[in-house]
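Observations on the model geometry
Chain by chain, the residues run as shown.
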Amino acid sequence: MSPNTTSSTGKDKLIADEEEVLQAVILADSFNKRFKPLTTHKPRCLLPICNAPLLDWTFESLALAGVQEIFVICRSHAELVKTAIKNSKWSKPGAGLKIVPIVTAKETFTPGDAMRDIYTHGIITSDFVLVTGDLVSNIHIGDVVREHKERRKTDKDAIMTMVVKQSGVNHRTRSKGDSAVFVIDPETSKCLHYEAVTGYPPKKYASIPREILNEHPEVEIRNDLIDCSIDICSVEVPSLFQDNFDYGDVRRDFVHGVLTSDLLMKSIYCYIAKEGYAARVRDTRSYDSISKDILARWTFPLVPDDNHPGGHSYEHLRGNKYIAKDNSVILSRTCKIGNNTLIGSKSQIADNAQVTASVLGQRCIVGAGSIVRNSYLFDGAVIGPNCVVEHSIIGSGVHIKERTHVERGCLIADGVVVGPQAKLAPFSRLSKRRQDSDEEDEEFEDAEEQFEEEEEDGDDGSEDGDDEDEVDSELEDVEANQDPEALAKLGSDTNAIIWPLPVVDEDEAIDDLEHPDNQRLMRIGDNASDLVLSDPGSVTSSESESESDDDDDDEHFYDSNPASSTTSLPLSTPSNLVAQADSAVISEFQQEVKQSLDRAFAEGHSVDNAAVELKTLRMASNVPLRLVREAVIAAMVSRIKIIAGGGIPQRQEIAGMIARWGGLIDKIGGVDPVETVEILQEYCASSDRLPLFGQILAALYQDDIVDEDDIRAWHGKSKSQGQGVKPASLQDCYNKCWVTGAHMIKQFDEQDSDEESEEDSDEGSETSGNSSEEGSCEESSDEEDEGNTDEDDSE
């Protein structure tokens, strides 16, 4: 090839790379209720943070990273999101961004459902950036995209790069209720294992697959990383969600599922950002933390006085005070404005009022003598004279009348009136009664209908109608369970209803992440001081017993079976609380596996199909492979009929079962024949199948599922003789299985001796040498033949 041709080819490739549009997908829905009732009539992505909607902060972050095309995936309040996009500065000509809202089906309840909808729409054409609609970031994502694409050239199975940042334990942006353990290869940055960690009840151990430690001489086990919720994904990621309907959450289901899958064989990498800022507003506590980070200018150049996403203009004063520049703010000469405070245009602070470490929206009023600390007032909020508001979020148009005290952690939805002389309990959640919301609802509907007429796709707005039906139903339930005494404390002029505190129904299955106790670690103003993670002064009897068994647990940990598929590493002080929690997961998994195997046997599934279903169940529950093998062996052995008289019919029954289903033992994700014999012994010793142990083991040997060396290795273990087995009554049964194994090994030895004799005999007859050698061979052969005859007679 000529030099000119080579140069031309390289130029074409460069042009093609430059012309490739960088796409981003924003999941606008939060898929949880942590901001209720603030999000009753609007999605979280449209809540303001530092006086700009969260979605605009996300647009700014992506524009700063060089993204050119954005798909906003929305389900709840979709028309409001579409209207906000239309009115955004990014929808104007010359903005440099193409933003396309995609309304998903009303059955979209998880991020996984949204990803499956993305696959259905077929909108992704290349590697893309996946973020949520509550992201605040100044990280140069373009660097991560380039690294991801370079890696894809050498590793075609690399499907995702997760952006994370290192942080200290007490970093305010780091969630205490929702973190994770990352196991990373320090050479390649490949994520080898991911495990979600909740804050309460505290998780003490991380279970890391042992093969990871065997295959990688050096790994980093990190619990100090903030997940930025920024992912660079390959084009095949949506299809993996489509193929696996169990994937709901991107991290806890998809990432964990891919990394533990024996089928997918895909790779996920981590990009540990050393510079820049990135965090997601996951809850009210992170809302508070990120607001303070913005005011402290950690997000530069995205700061209130420069590049403000809402288009506002603020003057930056000493102490990180921000005042609207349009000279419309009225500050009394005797008011006090503390550090880390932002005040929107047309707001008023009256005499002797104090505002510290807070954000006030536009047209807010703080009455004379009132105190606002560590709180956030949306547009049009009014605080009457001599009020106190601390560590709370106050919605748009809220009126808090004179001498009212709003305790820490309160969330007050738009349009609520409280007071006068009311005192809200800590962490109260208030919204307007429905009859007071009718006019506002009609205004929303009119705006939506007007927008629908302008839409080219002819959507009928049914999705938003469903949202309103859900809201009405939820508000109706709340209103029906009001406490008159509690309402009386809200003041004579109130129009509010009180949302109940979250409670857990014992019969209801609830995710640990969303458990009310864990959610306390994620709400504004709650230091969770009464959630004692370890209190040596109050130890229950069961805990005392568990402590007495600590030494036994440690011994078991260090004496664990090398064939076990996981290794547990302590995250903090050793405790068996996690083991107790895991036992419930294991019990549920065993029940599901039993049902799966029952269907397979009853409906005659193929071994391959049955194996795929078992692998899927294992990935969903993250349990050791041994548990799956135990379930398979138990299912097979329990279905072997015990035939009276035994003999040939019994052997035929066993051989038929092993020939049909024996292959499933090794197709569930790993081959460990020694463990197979161990499990067979354990099951037979504790059931009425004990007399069949030898014949089943022989059938496994005949079908090449176990071989002679495997049986010898099992037989050589102390446990195979029943040593240390509990209860003691099982030791005799274990020993009977061991004796049966000894007979098989004796037969192996005799067969080896016979084969050696035959080989020696053949060599003696074929070799033409001196007569003494021939005589020696014949003599040896005769002796062995006699020995064989004696053995035959004894048999």
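Structure report, in brief. (Residues numbered from 1 in each chain as written. Predicted model: local features only at pLDDT ≥ 70, side-chain atom pairs only at ≥ 80, totals over all residues. Heavy atoms only, no water.)

1. Brief notes about the sheet that holds strand β30 (residues 399–400)
- Strand order in the open sheet made by the six strands is β18-β21-β24-β27-β30-β33, with parallel pairing throughout. Looking along the sheet, the strands with just one partner apiece sit at the ends: β18 (330–331) and β33 (417–418).
- One ladder, built from two bridges, connects strand β24 (residues 365–366) with strand β27 (residues 382–383); its direction is parallel. Within β27, the residue paired with Val366 across the bridge is Ile383. (Pairing = 2+ DSSP bridges. Helix = DSSP H or I, 4+ residues; strand = E, 2+ residues; numbered from the N terminus.)

2. Some words on the packing of helix α19 (residues 647–661) against helix α21 (residues 693–702)
- Contact pair α19 / α21: the axes reach a minimum separation of 9 Å and the direction vectors enclose 50 degrees. For the element pair α19 / α21, the angle class is oblique. For the pair α19 and α21, the sense of crossing is right-handed. Along its contact with α19, which presents Gly647, Gln650, Arg651, Ile654 and Ile658, the element α21 presents Gln695, Ile696, Ala699 and Leu700.
- The residue makeup of the contact of α19 with α21, split by class, is five nonpolar, three polar and one charged. (Axes fitted to C-alpha atoms, helices over the stretch in contact; angles between N-to-C directions. Parallel < 35°, antiparallel > 145°, perpendicular 65-115°, else oblique. Left-handed = near helix turned anticlockwise from the far one by under 90°. Contact = heavy atoms within 4.5 Å. Nonpolar A, V, L, I, M, F, W, Y, C, P; charged D, E, K, R; others polar.)

3. Quick look at unusual backbone geometry
- Cis rather than trans, the peptide bond between Lys36 and Pro37 has omega equal to 5 degrees.
- Assignment of secondary structure puts Pro37 in the loop between β1 (23–27) and β2 (48–49).
- Cis peptide bonds are those with omega within 30 degrees of zero, and the linkage from Tyr200 to Pro201 qualifies with -5 degrees.
- Examined against the element boundaries, Pro201 turns out to sit in the loop between β10 (191–198) and β11 (205–209).
- For Ser189, which is not glycine, the phi torsion reads 65 degrees and is therefore positive.
- Checked against the element boundaries, Ser189 lands in the loop between β9 (178–184) and β10.
- Phi is positive for Gln421, which is not a glycine, with a value near 55 degrees.
- Within the secondary structure layout, Gln421 lies in the loop between β33 and β34 (423–424).

4. Remarks on the side chain of Asn495
- Secondary-structure assignment places Asn495 in the loop between α12 (484–488) and β36 (496–498).
- Judged by its relative accessible area of 11%, Asn495 falls in the buried class.
- In this structure the side chain of Asn495 is engaged in a polar contact, spanning 3.2 Å, whose partner is the backbone oxygen of Gly415. (Buried < 20%, exposed > 50% of the residue type's maximum accessible area, 1.4 Å probe, protein only. Polar contact = N/O pair within 3.5 Å; in protein donor to acceptor, adjacent residues only side chain to side chain.)

5. Some thoughts on empty space enclosed by the protein
- Across all of its chains, the model carries six cavities of 30 Å³ or more by this definition.
- There is about 50 Å³ of room inside the second largest cavity.
- Looking at side-chain class alone, the lining of the second largest cavity contains two nonpolar, three polar and five charged residues. (1 Å grid on protein atoms, 1.4 Å probe; cavity = no way out; pocket = protein on both sides within 12 Å on 5 of 7 lines; lining within 4 Å. Points joined across faces, edges and corners; volume = space filled by probe spheres on them.)

6. Here we look at the nonpolar core
- If you look at the biggest cluster of nonpolar residues, it comprises 57 residues, and the most contacted ones within it are Ile349, Ile400, Ile412 and Leu424.
- A total of four residues in this core trace back to one element, the largest contributor, which is helix α9 (residues 284–295).
- Residues contacting Leu424, with those up to four places away along its chain left out, are Thr404, His405, Val406, Glu407, Cys410, Ile412, Val418, Leu430 and Leu490. (Core = buried A, V, L, I, M, F, W, Y, C linked by side-chain atoms within 4.5 Å.)

7. Let's talk about the packing of aromatic side chains
- Within this structure, the stated rule accounts for nine aromatic pairs.
- Between Phe241 and Tyr247, the aromatic rings sit 6.0 Å apart at their centres with planes inclined by 80 degrees, giving edge-to-face as the arrangement. The burial state of Phe241 is the same as that of Tyr247; both residues are buried.
- With 4.4 Å between their ring centres and 35 degrees between their planes, Phe601 and Trp661 make a pair best called tilted. With Phe601 in helix α16 (residues 577–603) and Trp661 in helix α19, this pair connects stretches of sequence that are 60 residues apart. (Phe/Tyr/Trp six-rings, centres within 6.5 Å; stacked < 30°, edge-to-face > 60°.)

8. Remarks on the pairing of strand β6 (residues 128–132)
- Most of β6 sits out of view: five of its five residues are buried.
- The pairing of β1 with β6 spans five bridges and is classified as parallel. By the bridge assignment for β6, Leu27 is matched with Thr132.

9. Here we look at the pairing of strand β4 (residues 69–74)
- Burial analysis of β4 places six of its six residues in the buried class, the great majority of the element.
- Covered by surrounding structure in β4 are Glu69, Phe71 and Ile73 together with Ile70, Val72 and Cys74, the residues of both alternating faces.
- Sheet topology note: the β1/β4 ladder contains five bridges and is parallel. Bridge pairing links Leu27 to Ile73 in β4.
- Pairing between β4 and strand β5 (residues 98–103): six bridges, direction parallel. Its bridge partner being in β5, Ile73 is matched across the sheet by Ile102.
- Between β4 and its parallel partner β5, the chain crosses via helix α3 (residues 78–87), and the hand of that crossover is right-handed. (Right-handed = clockwise from strand over helix to strand, strands pointing away.)

10. As for a negative patch on the surface
- Among the surface-exposed residues, Asp703, Asp704, Asp707 and Asp709 lie close enough to one another that they form a single negatively charged patch.
- Along the chain, Asp707 falls in the loop between α21 and α22 (708–715). (Patch = residues over 30% accessible without salt bridge, like charges linked within 9 Å, V, L, I, M, F, W, Y side chains within 5 Å. Areas by Shrake-Rupley, 256 points an atom, 1.4 Å probe, with all protein chains shown as cover. Salt bridge = Lys/Arg side-chain N within 4 Å of Asp/Glu carboxyl O. Lys, Arg positive; Asp, Glu negative; His and termini not counted. Charge placed at Lys NZ, Arg CZ, Asp CG, Glu CD.)

11. A short note on the pattern of salt bridges
- For the structure shown, the criterion picks out 43 salt bridges.
- A salt bridge links Lys82 to Glu79; the nearest nitrogen and oxygen atoms lie 3.5 Å apart. Remark: Glu79 and Lys82 occur in helix α3; sequence separation between them is three residues, near one turn of the helix.
- For Lys82, a relative accessible area of 3% gives the class buried.
- Because the salt bridges share partners, they merge into one network encompassing Arg626, Arg629, Glu630, Glu675, Glu678, Glu682 and Lys717.

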